[in-house]
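Residue-level structure breakdown
Given next are the chains, with one letter for each unit.
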Amino acid sequence: MPETVLVTGGAGFIGSHTCVELLGHGHDVVVVDNHVNSSPEALDRIAKIAGRPLAGAYRADVRDRKALREVFSSHPVDAVIHFAAHKAVGESAARPVEYYDTNVAGTCALLAVMHEQRVHRLVFSSSCSVYGDAGTVPLTERSPVAPTNPYARTKLMCERILEDVCDHLPQLKVLALRYFNPVGAHPSGLLGEDPRGVPGNLMPYVAQVAVGRRAQLSVFGDDYPTPDGTGVRDYIHVMDVAEGHRVAVGHLDDRTGMRVFNLGTGTGTSVLQLVAAFGEVSGRPVPYRVAGRRAGDVAELVADPSAVAAAWDWATTRDLTAMCRDAWRFQELHPDGYSCRPPRAGGPTTGESPCG
Ligand code: UDP
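Bear in mind the structure is a predicted one, so any value in this text is a computation, not a measurement.

Here's the deal with the overall build of the chain
- A count of helical and extended segments in the chain gives eleven helices and 14 strands.
- In summary, the chain has a C-alpha radius of gyration of 19 Å against a globular reference of 21 Å for 356 residues, a match within 12%.
- Expressed as lengths along the three principal axes of its C-alpha atoms, the size of the chain is roughly 55 × 50 × 40 Å.
- Counting every position in the chain, which comprises 356 residues, the buried fraction comes to 55%.
- Within the chain, counting contacts between residues at least 6 apart in sequence, those at least 24 apart form 79% of the total.

Here is the structure:
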């Protein structure tokens, strides 16, 4: 089993939870993150939860080959998990060059340096958005791909690049994980999703409305061909996503070449169902208004998670209630994100803002 894992984007939402999971299962973990959309505070929290420190943490951009080389030279890296990327669908249409540069050029730089340094194990953070609206749900890994926005196209391009590189380098082992919609937080409330600016994703937006930081949610379209007309997604608890990565690392050596797996639950939830579940768990009704559809959105994305279950004998275990409960705990403790520290033991409890 690979011992030292380099995690790019390790301070981000999924990266930070994955670091906790890896440390908890005996791996040494090195983080590379440029913190454009993450807080260095998350790194302290990772160590606190895991009860042991990261083997290294570097503020560096994945496109910076020189910086990457220094990291690889300083640690005996056995495998890499590559999260570092821009990830907001809406923003990707407004800033496509930035998205292609960071996501695609960043992956190329990482691959080049991995090869130089003779590291040939990679778990790649892909996305269910590669399916677009071409397939019928539930989506298997063989469903057609037809991305509908630049973000999704960057992920599909990276998958294609990885296939080509695997054809060229027979020793390379790559697992691309197409996540559905990761939400929730670490159950301790110490780690969670802390987007910069206005949240682009549903769950953090809902959580910020519930905590009073935003007035109301805009529901992007209620005229989709779904039971209540709002978009249906397969929300997956971030701790299940983290666990999936840790399990994937243990399966990298199963065979060489490129393999693709969905990470989802197989259950679809509409925007209004999520809003209702969050209101129930938090005790705070979430006001909303119906707005127009968001460009690039599709009606329904739900995984068929059976391939991963068959290959790794692994499945998600956390339900929508746990996702809402844990997201709410993090939000309540950090009304303004990581910039607000959680209370010490004996400090304010539910209903009072630890930020005062
Ligand atoms: N959504 C919404 N209001 C928001 C953000 C998202 O109604 O402020 C909807 C969006 O149209 C989609 C679902 O919530 O149907 C999930 O969107 P999100 O951006 O979280 O994930 P995506 O599936 O687009 O990656």
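Structure's up, so let's keep going.
Focus: the packing of helix H1 (residues 13-24) against helix H2 (residues 41-50)
- Relative to each other, H1 and H2 sit at 30 degrees, their axes nearing to 9 Å. Taken together, the axes of H1 and H2 lie roughly parallel to each other. Here H1 runs over H2; the crossing is right-handed. Counting all contacts with H1, which are made through Ser16, Cys19, Val20 and Leu23, the residues of H2 involved are Ala42, Ile46, Ile49 and Ala50.
- Of the residues assigned to the contact of H1 with H2, the class counts are seven nonpolar, one polar and no charged.

Looking at the site of the ligand
- What surrounds the ligand is a group of 14 residues, the closest being Leu202, Ser218, Arg233, Arg294 and Asp297.
- In this structure, an oxygen atom belonging to the ligand sits 2.8 Å away from a main-chain N or O atom of Leu202.
- Between the ligand and Ser218, the relevant distance is 2.7 Å, taken from a nitrogen atom to a main-chain nitrogen or oxygen of the residue.
- Here the ligand, which alone exposes 510 Å², has 91% of that area covered by the protein.
- In terms of residue count, the dominant contributor to the shell around the ligand is strand S8 (residues 217-220) (four residues).
- Among the residues making up the shell around the ligand, the classes are represented as six nonpolar, five polar and three charged.

Observations concerning the packing of helix H9 (residues 271-282) against helix H11 (residues 320-333)
- Interaxial distance between H9 and H11 falls to 9 Å at its minimum, and their mutual angle equals 60 degrees. Our classification of the angle between H9 and H11 gives oblique. Considering the relative orientation of H9 and H11, their crossing is right-handed. Across from Leu274, Ala277, Phe278, Val281 and Ser282 in H9, the residues of H11 making contact are Leu320, Thr321, Cys324, Arg325, Ala327 and Trp328.
- Split by residue class, the contact of H9 with H11 holds eight nonpolar, two polar and one charged.

Details of the packing of aromatic side chains
- Counted under the stated rule, the structure contains four aromatic pairs.
- Centre to centre, the rings of Phe278 and Trp328 are 5.9 Å apart; their planes meet at 85 degrees, and the pair counts as edge-to-face. Of this pair, Phe278 sits in helix H9 while Trp328 sits in helix H11, placing them 50 residues apart in sequence. Taken individually, Phe278 and Trp328 each receive the classification buried, so the pair is uniform in this respect.
- Cation over ring: Arg214 sits above Tyr205, and NZ or CZ is 5.9 Å from the ring centre.
- If you follow Arg293 out to its NZ or CZ, it ends over the ring of Tyr224, 4.0 Å from the centre.

Section: the pattern of salt bridges
- Throughout the structure, instances matching the rule amount to 21 salt bridges.
- As a salt-bridge pair, Arg318 and Asp240 come within 2.6 Å of each other at their nearest N and O atoms. Residue Arg318 is located in the loop between helix H10 (306-312) and H11, and its partner Asp240 is located in helix H8 (residues 238-251); the two are separated by 78 residues in the primary sequence.
- The class of Arg318 is partly exposed, set by a relative accessible area of 26%.
- On the accessibility criterion, Asp240 (0% relative accessible area) is buried.
- Sharing partners across several salt bridges, the network here consists of Asp61, Arg63 and Asp101.

Some points on the confidence of the model for the chain
- Confidence in the prediction for the chain averages 93 pLDDT; 95% of positions are at 70 or higher.
- Note that residues 341-356 has pLDDT below 50 and, in this model, 22 contacts with residues that lie over four places away or in other chains.

Considerations on the state of the cysteines
- Within the structure shown, the criterion is met by zero disulfides.
- Here Cys158 stays free of any disulfide, with the sulfur of Cys108 as its closest cysteine sulfur at 6.9 Å.
- A relative accessible area of 1% places Cys158 in the buried class.

Topic: the nonpolar core
- Core analysis: the biggest nonpolar cluster contains 38 residues, and Val29, Ile46, Leu177, Leu263 and Trp312 have the highest contact counts within it.
- In terms of residue count, the dominant contributor to this core is H1 (six residues).
- Non-local contacts of Leu263, meaning those with residues more than four positions away in its chain, are made with Leu177, Arg178, Tyr179, Phe180, Ile236, Val241, Gly244, His245, Val308 and Trp314.
- Residues Leu6, Val30, Ala60 and Leu122 belong to the second largest nonpolar core, which totals 26 residues.

Digging into the sheet that holds strand S14 (residues 300-301)
- The strand order across the open sheet built from three strands is S12-S9-S14, with neighbouring strands paired in mixed fashion. Strands at the two margins of the open sheet, each flanked by one partner only, are strand S12 (269-270) and S14.
- Judged from the two bridges that link them, strand S9 (residues 232-233) and S14 form a sheet pairing that is parallel. Residue pairing across strands places Val232 opposite Glu300, the latter belonging to S14.

Parameters at a glance
- Residues numbered from 1 in each chain as written.
- Predicted model: local features only at pLDDT ≥ 70, side-chain atom pairs only at ≥ 80, totals over all residues.
- Heavy atoms only, no water.
- Helix = DSSP H or I, 4+ residues; strand = E, 2+ residues; numbered from the N terminus.
- Rg over C-alpha atoms; globule rule 2.2 N^0.38 Å.
- Buried < 20%, exposed > 50% of the residue type's maximum accessible area, 1.4 Å probe, protein only.
- Contact = heavy atoms within 4.5 Å.
- Axes fitted to C-alpha atoms, helices over the stretch in contact; angles between N-to-C directions.
- Parallel < 35°, antiparallel > 145°, perpendicular 65-115°, else oblique.
- Left-handed = near helix turned anticlockwise from the far one by under 90°.
- Nonpolar A, V, L, I, M, F, W, Y, C, P; charged D, E, K, R; others polar.
- Near = heavy atom within 4 Å.
- Polar contact = N/O pair within 3.5 Å; in protein donor to acceptor, adjacent residues only side chain to side chain.
- Areas by Shrake-Rupley, 256 points an atom, 1.4 Å probe, with all protein chains shown as cover.
- Phe/Tyr/Trp six-rings, centres within 6.5 Å; stacked < 30°, edge-to-face > 60°.
- Lys NZ or Arg CZ within 6 Å of the ring centre and 35° of its normal.
- Salt bridge = Lys/Arg side-chain N within 4 Å of Asp/Glu carboxyl O.
- pLDDT = per-residue confidence, 0-100.
- Disulfide = S-S within 2.5 Å.
- Core = buried A, V, L, I, M, F, W, Y, C linked by side-chain atoms within 4.5 Å.
- Pairing = 2+ DSSP bridges.

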